[in-house]
Each structure stands twice: as structure tokens, then as C-alpha cells.
Amino acid sequence: MEAKRPFSARRFFLQWEWMLVVLFVLVNVFNSFLSPYYLSPTGLRDVTMTFLDKAFIVLPMVFIIILGDIDISVASIVALSSVVMAMAFGAGLPMPVAIVLCLVVGTACGAFNGWLITRFKELSAVIVTLATMIIFRGIAYMLLENQAAGHFPGWYTFLGWGYVFEVPFMLIVFVVFAVFFAWVLHKTALGRRVYAMGSNPMAARFSGLKVDGIRMLVFTATGFMSGVTALFLTSRMGSTRPNVASGYELEVITMVVLGGISTSGGKGRLIGAVLAVFLLGYLRYGLGLVNVPAQILLIIIGLLLVIAVMMPNVLSRKKLP
Amino acid sequence: MLELKGIRKSFPGVHALQDVHFQLEKGQIHALMGENGAGKSTFIKIITGVYQPDEGEILLDGQIVKIANPREAQRLGIAAIYQHVTCYPDLTVTENIFMGHESTSKFSRSIQWKKMHTEAKALLAELGSPIDPHTEMGTLSVAQQQVVEIAKALSTKARIVIMDEPTAALTKRESEELYRITEKLRDSGVSVIFISHRFEDMERLGSQVTVFRDSRYVGSWPVAEITNEDLIVAMVGREITHLFPKKKADIGAELLRVENLGKTGLFGGVSFTLAQGEILGLTGLIGAGRSEVCQSLFGLLPADTGEVRVRGKLVQIRNPWDAIELGIGYLPEDRQKQGLVLSWEIGRNISLPMIDEFSGTWWLNEVKEGDVVKELADSVKVKAQGISTVANTLSGGNQQKVIVAKLLGTKPKVIILDEPTKGVDVGAKAAIHEIMGELACQGFGIIMISSEMPEVLGMSDRIAVMREGRLVKMLDRAEATQEKILEAAMGSATEALHG
């Protein structure tokens, strides 16, 4: 028996991730023709700060979708953590404590999702998180009613607007997290188990994997990262309302699926989702520069999504004799 | 009225039926018996048009017919009722009865509910059943659902009704009710093929009994003229054609002691021991609770009552990783669903349960993983290009070897094999038996669940027979015979009367 599979250039380049790279380059070339202002280095740098806030949730969502699950409550978790942070600060707590509270609330919400899903196995993740999506958003409204809260200290603005050596702070934090999540998914035993559970949950259980513990952990991590998103989003906006981040769950899931992560579980890589984040971010920025209406953008994103979903079918059909 | 001649059917690598004859008279209840895997199910599927025979002919009322699909079978008046009723639990009794042949109004094509309910009620009344046709199917008991299925057969004007182990899930009283209804069917001129493992069913209902064995027709007798002993001989009386490489292993210290293990509704009062180097065969009919006992030892179905001791120490097994920690490994019955991640390579499949061993400081040591996995795969002689070959491209036998390698990777002391050679070809079967023999010599304790009599007799040091959730008999290798095992597994007729 051979130990390793030989390298094949054909297999290497026939990956969805390369498709995303090509699309990414095309979008940038196209954009630079559309608008003379597009290719300014500072512009290309600063635009990342407009879309990276939700990208933090994309990272754990990759895990959830590889597990074959889904979490649609993330935007509500963002809203609730953000509102709790603003109210805690407004009530006189120091900002660092309010920030910790924001992350704790996010983590707790995620843990609650995980507990419901592993405790009541007959409920699917989509139903559980649909319910908690409503509950979390409802609590946010109950706490703040339909008002805004803010007046944060000046240094807090740094999170969303600051630079470290000319690089946006947000981008640095995102890269650190992305490397961490990629490492867990692709280089550790936990990542291997996540793929196993997504590919064949029954075999994973029969192999003695602690399937409940892993699901619990992944949903909790998603809650935590929603808290991180809340921090950056609130910092960028300067204040918060109970209706912030609405629609984020769909954008996040779109990015993950466009990144080549199959909703049937067990397939895809983290890098794909990261590429999809930047692809969609720059596409939106470029089309915005030349005043393309938002609806057209939605149609383009929708079409890309259809292609991404079709791709595995098209590729596997070719293999048949 | 129905006659089958020289039916042959094979699937890739398996002869499912060879030269089978069958003759059914009008208004007859004909019992069909045989061990698990004797070919009864394939036979039914041929009559109901699910499969096409490779050879042979089917005659209905003396005319050759071709039953191309289940619809055609229905048109010819053939209906089948299965042990696990195939109904729509959320629909009403009426909807279930008329599924696929609803009565519709001529003009508007709309469904005539009133007419259907009335007809359903009449059909059920004909069978002497008080079931309300408006009830949801899912709220009925299994026995009642079977009555509805029979009513459904009648509604399609069936002349031949096939019942596949209908009494297996019924209580004694419910069985009596079913006998009554079946007799009613017969009296109205319907012919019935009744498949059962219970002698009681056959004696109570049948006028003729036909026996299959190893995909072949053995014989057909009037029920009154054959004894149960002769029937058992007919069902098992085969020569053992394969040699089993059972090596002489030294039976060592006790590894596992199970006392009074039970789980409500599945099994109870199960006690046995297992020693080093011993192969314990666990047999019985399908549904006797063999897999359930083993899954409870592996923590998949934690037991409610009883004790398990591993090397004398009382242990609690709540989930599979408890079991793996204690040195218990389980090879599941369904290779593809429970044993493998089919889309994965051999390598990742084997390393899955022991992946923690390859965790380095920073990342998985894939070089070490590859080496260990390769060694495991070679030790059971997996035939494949390499460990990066994807599992779903392997043959059944090789897939099974991969799962054995995966099992050995967890370093178990007690190995539970659930139907280890089911559906693998003869060569792979011999290879798996050889591996089992070697493992026993190395001091593993093995529990082997098997429905295949020659395998049980050839491989086991001791044989435990289960029936209806109980361990009813423990036989030593020397004293075990096919007849004794089958008698214990089925329960003799006298026992059934007193039980």
C-alpha cells in the first residue's frame, strides 16, 4: 500500500477556491475600469473596514455548516450583546467591563443554542435558532425599546476605525482569528472530528466521538464571535439600537456557501469562506462607486450563490462514465 | 391458482434464489418457512413485481404472466403486508386504504370522501374490526395497522395476500385476532402466503408448508403430515461446505462479566461471561435482541438494569467513548452507515476513533498517522492501492477489513462483531474468519453476532442463543448442533403454548 497520494496539478487547480481567486481578480479589474478612483491603495485598504465586522461570524459559521447544521440567530446575538454593552456602560460600568460583558452575553447565547440543540435531539438547528433569533432580538428590544444608546469613550472608536502601522486594526484582528480558526479546522483533531460528524454523523457516534460536546463547543464559539462582531460594529457606528445587524445571518451564510462549504455537511475549507468575504466586499464597494443600485448587487450575489451551489453537482456529474 | 416454476435470481456475487418452486391453491393458507437469508424476502419481491426473475416462469390461473412492477402485481390481485407496516402515519385510515386508488367523481375529479369513508368502514366491518376510518393511522397499534393493511388489500380486490412475519410484533391476543381475520380471508376465497418463524402460526393456520434453505426450495408438505422436528431438519439440513479456520486459542482469564443486563422493551435478564481468547457466538432470529445487547455494552443504548464487569471491575458504560476507554470495541452491522465515512480515504477512516494520539504540540502529526494507519491496514490485509483510496470505491469485504483495522486501532480487549461477514463474498469471508481466529489467539475476547448457522458453529467456542429479548440457551462448541440452536431460537411449539 502506498502511504500518500501523489500530487496532481489538475486536481490542485480544479478547486472552487481558485475559482474564487479568479473572480476576485476579475472583480477588481472590472472595478478599476469602471471608476478611476477605485485603485487607490488607501481606498482598497479602508474599504475592508466596511465589511469585516460580519466576517468574524463567518469563521465559526464555517464549522457549523460543515457539521451540517445552521445558525440563523447570529444577528440577534450581535444586537443583544451590543445593546447590553451600551446599557452597561450607560449605567456607569467602566468600558472594559462593558466589553467583557458583551462577549459574555454573546457566548452565553451561543451556549444556550448549543444546549437546546444537543439536549432536544428531535429539534433541528434551524428551528432552534429560528426561535432564539426571535427571543434574543426580543430581549434586545425589551431592554432598550426603540432607542439608541452610545456616547462611548473616545478610545473605543479605535476598534472600528484605528490603524496599527497603517493597517486597519480590524483587519489585523480578523487575520489573527482567521488563522486560528483555519488551524483548528485543518490542523487539529477537533477539526477532523467536525468533518467526520458532517460527513456521517452516525459513523462519528459509533466511532466514539463526543458528538454533543463538539456541537456544543461550535455553537458556543459562534456566540462568542457574534459578540466580537458586536464590538466592532458598535465601535464603527458609535451607538447602537436593538435593530442593528439585521440581515447579517443571511449575508454570513451566503459568504460561507459561496466559499464552497456545502450545506449538506462535511465539505469545504475555511480559506474559501475568507475569499468569499473579500470577493463580496470589494464587489459591493466597486459597484457602489459607480452608483449601481443595491438591487443589481443583490441579483449578482444571488447568481453567484446559484453557481456556487450548482458547482459540486456539475463537477461530480463529469466523473460519471 | 399461483404457481412458480424454476425461479432463479442472482445479484452481483450472490445467488438469491436458485430453482425455486411454489404452488398456491385457491383459498389456501400456505406457510413459508426458512432461516434468515433463506431467500424468502427475495421470493416475495418477485411475486410482487419488485424484482424480475432471471429465469423461470410465473403462472396465474394456468397462464404465464410477467409481473413487471408492483403496480402490475396489484392489477393481477396480489397484495403484500409487511412486518413493519408501510403506512402513512399522519393520514387517516381511509386515506391509507385508498392510497393510489382513490374514488373520484367523474366530472370534477375531486375525491369522494363520503363514499370512501363508507367503503372503508364496510371493508373493516367485513373483517370484524371496529376501527373508525377517520382515525389517524399513527395512533393505531401495530396489530390494528395490519388490519387496515389487510382492508387495503381487499379494497384492491386482491386474490392473493402475502403476509411477511405479521405476528412477529404482536402479543398473543393480537395474534389470535389476526388468525381469525386471516381465516376470514381464506373463507372468502382469498389465498394467503404466510411467512413466519413461529411454528404456532403454521400449525394454527396453514394447510400446506413450504421450506426454503440457502436460496433453494427444499420441499412442501401438508402441515398435518410433518412434525416440527422434521421441519427443523429441513430448514437447517445442509452440509457445511466452507471450512472455518478456527485455531485453537488458549482460553485465559475472564475479561467481561455481564449480569442480568436489561433495557425496557428491548431485552432483559441477560447474563454471560467472556474470557481471553474466546469467541462467543451470539445468535437468534432477527429481532431477538442480539444487536441491542451489544449496543448496550458499547454505550449506544445504555442499559437500565444489571451489571457489567470488565476484568472483575464494576463499570458504567453510558456512551461509546466510555466503552472505548474500557477496551470494548464494536463493529457495527451496517458498514456503510455506521462503520465508515464513505467519502473519506481509508486512512482518515481508520484513524478517526484514535485521532487524539496523533495530536502534536501544534498540529496533527500526519506522518505518524499515516505510518500507524498503514500498519493497521496491512495487519488485516486491506486490498487497496493505498491508504488514500476512498472508502466507497472498495468492495464490501475490504470495507469490512478497514472497519476491523479502525477497531483494532482503539486497542480493545473485548471485540464485538455484529454480523461481520454479512454481504461479503466468500473470499473476504474466509479472510475475516482468519483474522478473527488470529485475534482470539492474541488474547482478545470476541463476541460475534451472526445469523448464519455454519459461521456460528464453525467459529464459536460457546454459543449463546437469544429469543424475544432473553438469552435462552448457552451451548458449548462440542454439544452445539444446528437443530439445538434453531430449536432454542424459535422456541418449540409446546413451549409457545405454555408461554
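Here the structure is a predicted model, which means the values were calculated and not measured.

**Digging into the nonpolar core**
Next up, step 1: Counting 105 residues, the largest nonpolar core has L52, V62, F174, L258 and F278 of chain A as the members making the most contacts within it.
Next up, step 2: Apart from residues no more than four positions distant in its own chain, L258 of chain A is found in contact with W16, L20, A276, L279, L280, L304, L305 and A308 of chain A.
Next up, step 3: With 38 residues, the next largest nonpolar core counts F358, I387, L417 and A428 of chain B among its residues.

**Considerations on the packing of helix 6 (residues 95-119) of chain A against helix 12 (residues 211-237) of chain A**
Residues and elements named next belong to chain A.
Next up, step 1: Closest axis-to-axis distance for the helix 6/helix 12 pair is 7 Å, and the angle between their directions is 150°. Here helix 6 is positioned roughly antiparallel relative to helix 12, judged by the angle of their axes. Our pair here, helix 6 against helix 12, has a crossing hand that is right-handed. Contacts between helix 6 and helix 12 involve I99, C102, L103, G106, T107, G110, A111, N113, G114, W115, I117 and T118 on the former and, on the latter, D212, R215, M216, F219, T220, G223, F224, G227, V228, A230 and L231.
Next up, step 2: In terms of residue class, the contact of helix 6 with helix 12 is made up of 12 nonpolar, 9 polar and 2 charged.

**Focus: unusual backbone geometry**
Next up, step 1: The phi torsion at F165 of chain A lies on the positive side, around 50°, for a residue other than glycine.
Next up, step 2: Here F165 of chain A shows up in the loop between strand 2 (163-164) and strand 3 (167-168).
Next up, step 3: What makes F165 of chain A exposed here is its relative accessible area of 79%.
Next up, step 4: The backbone of K381 of chain B sits at a positive phi, close to 60°, despite the residue not being glycine.
Next up, step 5: With respect to the secondary-structure elements, K381 of chain B resides in the loop between helix 13 (366-379) and helix 14 (396-409).
Next up, step 6: Using a relative accessible area of 52% as the deciding quantity, one classes K381 of chain B as exposed.

**A look at the pattern of salt bridges**
Next up, step 1: Tallying each qualifying case throughout the model produces 28 salt bridges over all chains.
Next up, step 2: The residue R204 of chain B makes a salt bridge to E183 of chain B at a minimum N-O spacing of 3.0 Å. Placement of R204 of chain B in helix 7 (residues 199-205) and of E183 of chain B in helix 6 (residues 172-187) is noted, with a sequence separation of 21 residues between them.
Next up, step 3: One salt bridge in this structure joins K374 of chain B and D378 of chain B, with 3.4 Å as the shortest N-O distance. Of the two residues, K374 of chain B and D378 of chain B are both situated in helix 13; the distance of 4 residues between them amounts to about one turn of the helix.
Next up, step 4: Residue classification places D378 of chain B among the partly exposed residues on the basis of a relative accessible area of 36%.
Next up, step 5: Because the salt bridges share partners, they merge into one network encompassing R45, D46 and E166 of chain A.

**With respect to the domain arrangement of chain B**
All names here are of chain B.
Next up, step 1: Its domain assignment divides chain B into domain 1 (2-236) and domain 2 (254-489).
Next up, step 2: Once you take the C-alpha centre of each, domain 1 and domain 2 turn out to be 36 Å apart.
Next up, step 3: Both faces combined, the contact of domain 1 with domain 2 buries some 790 Å², and carbon together with sulfur accounts for 64% of it.
Next up, step 4: Our count for the contact surface shared by domain 1 and domain 2 stands at 0 salt bridges.
Next up, step 5: The interface formed by domain 1 and domain 2 includes 0 residue pairs in polar contact (both at pLDDT 80 or more).

**Looking at the packing of helix 13 (residues 248-258) of chain A against helix 14 (residues 270-289) of chain A**
Think of two packed helices as two axes; the pair is described by the angle between the axes and how far apart they sit.
Residue and element names in this part refer to chain A.
Next up, step 1: Axis separation between helix 13 and helix 14 bottoms out at 7 Å; the angle between their running directions is 120°. If you check the angle between helix 13 and helix 14, you find them oblique. Our pair here, helix 13 against helix 14, has a crossing hand that is right-handed. Contact residues: E251, T254, M255, V256 and L258 in helix 13; A273, A276, V277, L279, L280 and R284 in helix 14.
Next up, step 2: When the residues that make up the contact of helix 13 with helix 14 are grouped by side-chain class, the tally is 8 nonpolar, 1 polar and 2 charged.

**Overview of the interface of chain B and chain A**
Many structure descriptions define interface size as the accessible area lost when the parts assemble.
Next up, step 1: In this complex, chain B contributes 38 residues to the contact, which on the side of chain A involves 23 residues.
Next up, step 2: Summed over both partners, the interface of chain B with chain A comes to about 2800 Å²; 60% of that surface belongs to carbon and sulfur atoms.
Next up, step 3: When the area that chain B buries against chain A is broken down by residue, the three leading residues are W321, Q338 and L352 of chain B, summing to 19%.
Next up, step 4: The interface formed by chain B and chain A holds 2 salt bridges in total.
Next up, step 5: Among the salt bridges present, the one from D356 of chain B reaches R193 of chain A, with a minimum N-O distance of 3.0 Å.
Next up, step 6: Remark: the boundary between chain B and chain A carries 9 residue pairs in polar contact (both at pLDDT 80 or more).
Next up, step 7: In terms of residues, the side of chain B that touches chain A owes the most to one element, helix 13 of chain B, which gives 5 residues.
Next up, step 8: Residue composition of the side of chain B that touches chain A, grouped by class: 20 nonpolar, 10 polar and 8 charged.

**Digging into the environment of T240 of chain A**
Residue and element names in this part refer to chain A.
Next up, step 1: Position of T240 relative to the elements: it lies in strand 4 (residues 239-240).
Next up, step 2: Once the C-alpha coordinates of T240 and V84 are considered, the two residues, 156 residues apart in sequence, prove to be 9.9 Å apart.
Next up, step 3: Contacts of T240, omitting those with residues within four sequence positions, involve S82, V83, A86, L144, Q147, A148, A149 and T234.
Next up, step 4: Reaching out from T240, the side chain makes a polar contact with the side chain of S82 at a distance of 2.6 Å.

**With respect to the sheet that holds strand 12 (residues 267-275) of chain B**
All names here are of chain B.
Next up, step 1: Spatially, 12-11-14-15 is the arrangement adopted by the 4 strands of the open sheet, whose pairing is antiparallel. The two strands at the open ends of the sheet, each matched to only one other strand, are strand 12 and strand 15 (313-315). Ignoring strand direction, the axes of neighbouring strands in this sheet form an average angle of 20°.
Next up, step 2: Relative to strand 12, strand 11 (residues 254-263) runs antiparallel, the two being bridged by 6 bridges.

**Comments concerning the pairing of strand 19 (residues 462-467) of chain B**
Residues and elements named next belong to chain B.
Next up, step 1: Of all 6 residues that make up strand 19, 6 are buried, and the element is covered over most of its length.
Next up, step 2: Side chains R462, A464 and M466 of strand 19 all project onto a buried face; the interleaved residues I463, V465 and R467 project onto the opposite face, where all are buried too.
Next up, step 3: Bridging between strand 13 (residues 279-284) and strand 19 involves 5 bridges; their strand directions are parallel. If you follow G281 over to strand 19, its bridge partner there is I463.
Next up, step 4: Relative to strand 20 (residues 470-476), strand 19 runs antiparallel, the two being bridged by 6 bridges. Directly across from R462, in strand 20, lies its bridge partner D476.
Next up, step 5: The loop that links strand 19 with its antiparallel partner strand 20 comprises 2 residues; one of these, E468, has a positive phi angle of about 45°.

What counts, and at which threshold
- Within every chain, residues take consecutive numbers counted from 1 along the sequence as written.
- All chains are assigned letters beginning with A, and all ligands numbers beginning with 1, in the order in which they are written.
- Whole-chain, interface and lining totals are the exception, using all residues; otherwise, since this is a predicted model, local features are given only for residues with pLDDT of at least 70 and side-chain atom pairs are given and counted only at 80 or more.
- Side-chain measures were taken over the full set of non-hydrogen atoms in the model, leaving aside hydrogen atoms and water.
- As used in this record, nonpolar core signifies buried Ala, Val, Leu, Ile, Met, Phe, Trp, Tyr and Cys residues forming a set joined through side-chain atoms within 4.5 Å.
- Only protein chains enter the area calculation, which uses a 1.4 Å probe; residues under 20% of their type maximum are buried, those over 50% are exposed, and those in between are partly exposed.
- In what follows, residue pairs with any heavy atoms lying within 4.5 Å of each other are defined as contacts.
- Axes here mean lines fitted to C-alpha atoms, for a helix over just the part in contact, with angles spanning 0 to 180 degrees between N-to-C directions.
- Secondary structure is summarised from DSSP: a helix means a run of H or I of at least four residues, a strand means a run of E of at least two, and numbering begins at the N terminus for each.
- If an angle is under 35 degrees, it is roughly parallel; if it is over 145, roughly antiparallel; if it lies from 65 to 115, roughly perpendicular; otherwise it is oblique.
- Left-handed describes a crossing whose near helix is turned anticlockwise from the far helix by less than a right angle; the clockwise case is right-handed.
- In this count, Pro and Cys sit with the nonpolar residues alongside Ala, Val, Leu, Ile, Met, Phe, Trp and Tyr, while Asp, Glu, Lys and Arg are called charged and the others, Gly among them, polar.
- In what follows, salt bridge is the name for a side-chain nitrogen of Lys or Arg lying within 4 Å of a carboxyl oxygen of Asp or Glu.
- Marked domain ranges trace back to an automatic or database domain assignment.
- Accessible area, probed at 1.4 Å, shrinks when two parts are joined; the buried area is that loss added up over both.
- What qualifies as a polar contact is a pair of N or O atoms within 3.5 Å, subject to a donor-acceptor requirement within protein and to the restriction that residues adjacent in sequence count only when both atoms come from side chains.
- DSSP bridges decide pairing: two strands pair if at least two such bridges lie between them.

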